[in-house]
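# Per-entry structural report
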Amino acid sequence: MGASSSSEQDEITEEEELEQQELESLAASTGALSILQKSFSNLSDPDTNSIPIPSLQECFRLTFENTPSKMKSPLPECFSRLLTHLGPAVVDLFFIADENDGVHWIEFLRGYIRCCGRMSLSVSLNTVYKLYAGISAKAGAPSKLEFESKDDDSKTSGNFTSDDVFMLLWMCWIMSWTSEISKHSKHPMNVHLPNINHLILSAVTSCVEISSDVDVGKVNISDLNVQLPAEKLHAWALTTVPNLAHCFTQYVHDRLQRCTVTEEPHSSSISIVESSSTESHNPCLLTSGKAWAISLTLTSTVNKEILKTCVPKDSVGEFENLLYRSSVHGKVMNRFWSSVDGYHGALLVLISACSIESCEGDSNPGRWIIGVLTDQGFENKDVFYGSSGYLYALSPIFHVCSPTGRDKNFIYSHLQPAGRGVYEPHPKPVGVAFGGTPGNERIFINQDFSTMTICYHAVDKTYRPGSLFPNQGILTYEASILEVEVWGLGGEKVKEQQDAYKNREELFTEQRRKVDLKTFGAWEDSPERMMMDMVSDPNKVHREDRTDLKQQLGCSTEVNGTPTGAYLVELRGARSLFFTIRNY
């Protein structure tokens, strides 16, 4: 019996070693193995070689210095109490261990992989739902979500309320702030809750039927009192905000990374700032809520550049990424082009508009905002170009139109060349367009940036279908432009290259304005001097000077005694002389 027991114990040890090697390999594939080793070493008890559960809970805990009293958006009263249970919920759901023994190395690796390992997007979102349900239960306000099993890939059923969606999104926002956005803020522990009504309306209109009589731009979300089926909300999250699950994985990774620099459990105390106090100082179209919504649709490196704009600024001058704003730089194509020319990086274009009828007759018209994200700068071309891009309906309802892959008519930007006198029987339109086909662009902005035309998505094979503003029909819609903004998302290096390009252009312009007569050689004997003398007295006949002039200009052919060629001089009045000199 004793031999049999010893053999069975050895077999279990070998299984644990194989499991540990597999878990370490999975952790190494995420690039976090060294961070996990250091954080485990700092958090674990030397006597038991395991992390005490209270220490691990403290690592993921959030504490608040204050509770907001009044918010521009309806904030449930249990929100701050809910987030105080974040740390215990993370440990109980993902780091399964014995209460007395703590969390050993294998359980620690397994818990991290369940939170941040490589998994499908659907499974990652289900992980966030489970976390929210666990936190709600600990806070004494259990949700109506149900899960088929305790497995990570189990399906979610039940219903979300509008308050649940608010708290879920704000929970993800706070995790994003504490892990990524706060790095760009002067006050990293001041969490600014943004206005996310456009996201909530997007979720509500995607999951339930809203009466056509309801004005979604003016509706109070808290008054809707609707139940959103979990399956439909999950489908909305997969197509609209797929990067929502990354908020949790980034939070867990950042918390463990902080534990590598200290031997004590790390706890952050944050202060929630009212959104109304921050958005009132922001005159731009791109608010924190809109920027964060756009970042939730992306998984590329542009995502981090957009998150930088989520930090509220005190003045317009602090918006370093803002390249163009029509109310500041001028509402015309040339001013727009001078601001974006030479910027070879990702750009975000925001357009605020309303119907022409409402702008003329209503002092407070129903405004809406659309956005376009490109992965490259603008070029002066009379054809479509580009390799990728996104269209966004940003306000009052959020919606994303991702690329279809069927066509590549992403951008059209044609600038009328200066001084061009050549007649064109079929001139290409001057303006900026996105999607569609020539003559039937999905979005077309005219050259004076006063109006824009939006066509139905059926004409567009480049971007996916979807309405860009409320109640968009199948007819072509013409709107009045109120404001246009262009934000550079290429990073500091791309901006430095644009500044260098502008400096070179200014230098060339200054050089072209200066004329050094020494470069013309002998002025007294030059053809220019002779032509200037002709201009001084255009009525004087200079027929006797034609032979000498012909020799100096290099003309060798004569037709009826008149020199021909590239430098033909017609001595018939001041206007002809001026034309000859200008073309010389």
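What this report covers is the structure whose coordinates are included nearby. (Residues numbered from 1 in each chain as written. Predicted model: local features only at pLDDT ≥ 70, side-chain atom pairs only at ≥ 80, totals over all residues. Heavy atoms only, no water.)

A few words now on the pairing of strand β3 (residues 156-161). A regular strand places its side chains so that they alternate between the two faces of the sheet. As paired elements, strand β2 (residues 144-147) and β3 share 4 bridges and run antiparallel to each other. Its bridge partner being in β3, Phe147 is matched across the sheet by Thr156. Across 3 bridges, β3 lies against strand β5 (residues 227-229) in antiparallel orientation. What sits directly across from Asn159, in β5, is Pro229. (Pairing = 2+ DSSP bridges. Helix = DSSP H or I, 4+ residues; strand = E, 2+ residues; numbered from the N terminus.)

As for its placement among the helices and strands, Gly366 is situated in the loop between α18 (356-361) and β9 (368-374). The class for Gly366 is exposed, based on a relative accessible area of 51%. When the C-alpha atoms of Gly366 and Cys354 are compared, they prove to be 6.2 Å apart, with 12 residues separating the residues in sequence. Gly366 has contacts with Ala353 and Cys354, leaving out every residue within four places of it along the chain. (Buried < 20%, exposed > 50% of the residue type's maximum accessible area, 1.4 Å probe, protein only. Contact = heavy atoms within 4.5 Å.)

The next point concerns the packing of aromatic side chains. Under the defined criterion, the tally for this structure stands at 22 aromatic pairs. Their ring planes at 35° and their centres at 6.0 Å tell us that Phe95 and Phe108 sit as a pair that is tilted. Of this pair, Phe95 sits in the loop between α5 (86-94) and α6 (105-116) while Phe108 sits in helix α6, placing them 13 residues apart in sequence. Of the two residues, Phe95 and Phe108, neither departs from the other in class, the shared state being buried. Both rings, one in Tyr129 and one in Phe160, keep their centres 5.8 Å apart while their planes meet at 65°; by these two values the pair is edge-to-face. (Phe/Tyr/Trp six-rings, centres within 6.5 Å; stacked < 30°, edge-to-face > 60°.)

It is worth spelling out a negative patch on the surface at this point. On the surface, a cluster of negative charge is made up of Glu14, Glu15, Glu16 and Glu17. Relative to the helices and strands, Glu17 resides in helix α1 (residues 2-29). (Patch = residues over 30% accessible without salt bridge, like charges linked within 9 Å, V, L, I, M, F, W, Y side chains within 5 Å. Areas by Shrake-Rupley, 256 points an atom, 1.4 Å probe, with all protein chains shown as cover. Salt bridge = Lys/Arg side-chain N within 4 Å of Asp/Glu carboxyl O. Lys, Arg positive; Asp, Glu negative; His and termini not counted. Charge placed at Lys NZ, Arg CZ, Asp CG, Glu CD.)

Note on placement: Asn126 falls in helix α7 (residues 121-138). The class of Asn126 is buried, set by a relative accessible area of 6%. At 2.7 Å, the side chain of Asn126 and the side chain of Thr156 are in polar contact. (Polar contact = N/O pair within 3.5 Å; in protein donor to acceptor, adjacent residues only side chain to side chain.)

The 3 strands lie next to each other as β2-β3-β5, forming an open sheet whose pairing is antiparallel. Two strands close off the open sheet at either side, each with one partner strand: β2 and β5. Sheet twist, expressed as the mean angle between neighbouring strand axes with direction ignored, is 20°. Strand contacts of α7: β2 and β3, with the helix running at about 125° to β2, the strand carrying the most contacts. Here helix α8 (residues 162-179) sits on the sheet in contact with β3 and β5, set at roughly 100° to β3. (Axes fitted to C-alpha atoms, helices over the stretch in contact; angles between N-to-C directions.)

Quick look at the packing of α7 against helix α12 (residues 244-258) now. Put simply, α7 and α12 touch, their axes get as near as 8 Å, and they point 70° apart. The orientation of α7 relative to α12 falls into the category roughly perpendicular. Remark: the crossing between α7 and α12 carries left-handed chirality. Every residue of α12 that contacts α7 at Ser124, Leu125, Thr127, Val128 and Leu131 is listed here: Leu244, Ala245 and Phe248. Here the contact of α7 with α12 is composed, by residue class, of 6 nonpolar, 2 polar and no charged. (Parallel < 35°, antiparallel > 145°, perpendicular 65-115°, else oblique. Left-handed = near helix turned anticlockwise from the far one by under 90°. Nonpolar A, V, L, I, M, F, W, Y, C, P; charged D, E, K, R; others polar.)

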